[in-house]
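Each chain is listed here by its residues.
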Amino acid sequence: MLLFWIVSIVLVIAAALAFVIPVSGDNKLTGATRDQLNKDLYKSRISELADDEDQGLLDKSTEFIDEMQRGLLDDVVDEKVEKVSTANSTFIWLAGVVFLVIFSVSVYLTLGARDQVANWEDVYSRLPELTNRVMKEGDKVTDQEISDFQLALTTKMIAEPDNEFGWLLLGRLNVALGDSNAAFIAMDRAYKLAPMNTSIVTGYAQALMLSDDPEKNNLARKILMDLKQEKPGDIEVLSTSAFMALENQDYLGAIEQWQRMLPLLAGQPDRLEMIKGSIEYARKQIAEKNGSALVVESSESSVDSRPVATSTEANTATSDVVAGNEQVTITITAEQAEMKGYLYVYVQAAAGPKAPLAVKRIMDPTFPLTITLSDRDAMMAQMKMSQFPSIKVSAKLSQDSDVTTKEDDINSNIVTLNEGDSRVVTLNLSH
């Protein structure tokens, strides 16, 4: 605030000087100087008339001379008027300066942001307190405190532009508030300062995903895919992947990432509960949006509308095959070795609920492909493959992550396995 008042006073002084100097300063063209100039012009003109008369170019030069003399007398400065003007000039500029100061102060008090500036300084002074509140008591923080924290942190980062962790915190705050532009600016600064920091890179990907620009969205996916290959078991990377899937309404993908996080969160009961709640939310969204959309068409009349979860990790066939109906090994072939899209592989009860007992999703598979589904991939604890004597296995290839059945989906044949049958099946995708 002190700096503001200093600058304001300096500006008022500058404005006053701009008014005073022209009024009180000496005019370079004084009365005496002007009279002298007029006399010089008069003499010059007399000389020219004399030359013209000598050359016979002019007659009756006396009349011209009389006229110029009258003009010279008319242009003589009135010294009395000059003195009066000079005597009053001090009062004029003094009154003008007083008016300028009063007018400036009045305008500021009426239209200025004095209260907002004072509030801004007060909020910034409470930054440590607000940081502690947001970090440790997030569920008790009010919307006003969040807004104040954003303002104070933004002010701090203007003063500390090389603080990458401050930019990261500001970026995450803006992501949480849904301010995509502010989030990108903050995360971009953090990423440029520390491009190898996993927390910053994942935050940068989140900010890119919030943008409406498809190029930024594609860059976010590429960054995250590279991170997942480099750090497949990193909780932060998995959490960001789930967030991005949820933003795209890819609830199956979000559930997959959250399920991978569960075994990594041992000893963190609060976070485990939060992840489980997120999984349940995604399941409800699938149920509300698609109902039994994941279910392969069947003539069975029994319907189970419980929400469906899935795991999308492709696994190669293993030698530790479990006896009974706990596991099935599936080989999928296709007309072309590489058919782009999302491959869904289902195991259902041959008689009973239509909801899949297990589902796996693979993006852009290469055929032939062998995967394994078992009780570990059960959608729900009360609905496992081993609980049904007869199961059906099928697959479909879809062009996008939307699980709703479409006309252009490529479906496989359906193989029914009864109790005691071989647990190895082959499916073929064909139009």
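The following paragraphs examine the structure supplied in this document. Source: prediction; values computed, not measured.

## As for the overall build of the protein chain
Link 1 in the chain: Scanning the protein chain for helices and strands turns up 14 helices and eight strands.
Link 2 in the chain: Sequence separation of 24 or more characterises 62% of the internal contacts of the protein chain that already satisfy a separation of 6 or more.
Link 3 in the chain: Here the protein chain has roughly 25,200 Å² of accessible surface; of this, 56% comes from carbon and sulfur atoms.

## Observations regarding unusual backbone geometry
Link 1 in the chain: Following F367, the chain continues to P368 via a peptide bond in cis, the omega torsion being 0 degrees.
Link 2 in the chain: The phi angle at D364 is positive, at roughly 50 degrees, despite the residue not being glycine.
Link 3 in the chain: Note that D364 resides in the loop between β3 (358-363) and β4 (369-374).
Link 4 in the chain: Taking relative accessible area as the criterion, D364 reaches 35% and is therefore assigned partly exposed.

## Here we look at the packing of aromatic side chains
Link 1 in the chain: Counted according to the given criterion, the structure contains four aromatic pairs.
Link 2 in the chain: Through successive ring pairs, a cluster of aromatic residues spans F184, Y191 and Y204.
Link 3 in the chain: Sitting above the plane of the Y344 ring, K396 keeps its charged end 5.7 Å from the centroid.

## A closer look at the side chain of R423
Link 1 in the chain: Topologically, R423 is positioned in the loop between β7 (415-418) and β8 (424-429).
Link 2 in the chain: Among buried charged residues, R423 stands out as having no salt bridge; its nearest opposite-charge side chain is D421, 5.2 Å away.
Link 3 in the chain: A distance of 2.9 Å separates a polar side-chain atom of R423 from the backbone oxygen of N418.

## Focus: the sheet that holds β4
Link 1 in the chain: Sheet architecture is open: three strands sit in the order β4-β1-β8, paired in mixed fashion. Strands at the two margins of the open sheet, each flanked by one partner only, are β4 and β8. Between one strand axis and the next, the sheet turns by 25 degrees as a mean value, whatever way the strands run.
Link 2 in the chain: Here strand β1 (residues 327-334) runs beside β4; their pairing, made up of six bridges, is antiparallel. Across the sheet, the residue bridging to T329 is T372, located in β4.

## Observations regarding helix α12 (residues 235-247)
Along an α-helix, residues three or four positions apart point the same way, because every turn accommodates 3.6 residues.
Link 1 in the chain: If you check α12, its first and last C-alpha atoms are 18 Å apart, about what 13 residues at 1.5 Å a residue would give, namely 18 Å.
Link 2 in the chain: Of the residues making up α12, those classed as buried are I235, V237, L238, T240, S241, A242, M244 and A245.
Link 3 in the chain: For α12, the side-chain oxygen to backbone nitrogen distance between the N-cap and E236 is 2.9 Å, and the N-cap itself is D234.
Link 4 in the chain: At the C-terminal side of α12, Q249 shows a positive phi close to 60 degrees.

## Re the pairing of strand β5 (residues 390-398)
Link 1 in the chain: Counting buried residues in β5 gives nine out of nine residues, a clear majority hidden from the surface.
Link 2 in the chain: Side-chain alternation along β5 places S390, K392, S394, K396 and S398 on one buried face and I391, V393, A395 and L397 on a second face that is also buried.
Link 3 in the chain: In terms of strand pairing, strand β2 (residues 342-349) meets β5 through eight bridges, oriented antiparallel. By the bridge assignment, V345 is partnered in β5 with A395.
Link 4 in the chain: Sheet topology note: the β5/β7 ladder contains four bridges and is antiparallel. Residue pairing across strands places I391 opposite L417, the latter belonging to β7.
Link 5 in the chain: Two elements, β5 and strand β6 (residues 410-411), share two bridges in a ladder whose sense is antiparallel. Of the residues in β6, the one forming a bridge with L397 is I410.

## Comments concerning helix α8 (residues 164-177)
Link 1 in the chain: Across its 14 residues, α8 extends 20 Å between first and last C-alpha, which sits within 8% of the 20 Å expected from 1.5 Å per residue.
Link 2 in the chain: Looking only at α8, the buried set comprises G166, W167, L168, L170, G171, L173, N174 and V175.
Link 3 in the chain: Taken together, the buried residues of α8 touch α7 (143-159), α9 (180-193), α10 (198-210) and α12.
Link 4 in the chain: In this structure N163 caps α8, since a side-chain oxygen of it lies 3.3 Å from the backbone nitrogen of F165.
Link 5 in the chain: Where α8 terminates, the next one or two residues include G178, which has phi positive at roughly 80 degrees.

## Remarks on the packing of helix α11 (residues 214-230) against α12
Link 1 in the chain: The N-to-C vectors of α11 and α12 enclose an angle of 150 degrees; their axes lie 10 Å apart at closest approach. Pair α11 / α12 crosses with left-handed handedness. On α12, the residues that touch A220, R221, L224, L227 and K228 of α11 are V237, T240, S241 and M244.
Link 2 in the chain: Residues of the contact of α11 with α12, tallied by class, amount to five nonpolar, two polar and two charged.

Basis of the calculations
Residues numbered from 1 in each chain as written. Predicted model: local features only at pLDDT ≥ 70, side-chain atom pairs only at ≥ 80, totals over all residues. Heavy atoms only, no water. Helix = DSSP H or I, 4+ residues; strand = E, 2+ residues; numbered from the N terminus. Contact = heavy atoms within 4.5 Å. Areas by Shrake-Rupley, 256 points an atom, 1.4 Å probe, with all protein chains shown as cover. Buried < 20%, exposed > 50% of the residue type's maximum accessible area, 1.4 Å probe, protein only. Phe/Tyr/Trp six-rings, centres within 6.5 Å; stacked < 30°, edge-to-face > 60°. Lys NZ or Arg CZ within 6 Å of the ring centre and 35° of its normal. Lys, Arg positive; Asp, Glu negative; His and termini not counted. Salt bridge = Lys/Arg side-chain N within 4 Å of Asp/Glu carboxyl O. Polar contact = N/O pair within 3.5 Å; in protein donor to acceptor, adjacent residues only side chain to side chain. Pairing = 2+ DSSP bridges. Axes fitted to C-alpha atoms, helices over the stretch in contact; angles between N-to-C directions. Expected span 1.5 Å × (residues − 1). Left-handed = near helix turned anticlockwise from the far one by under 90°. Nonpolar A, V, L, I, M, F, W, Y, C, P; charged D, E, K, R; others polar.

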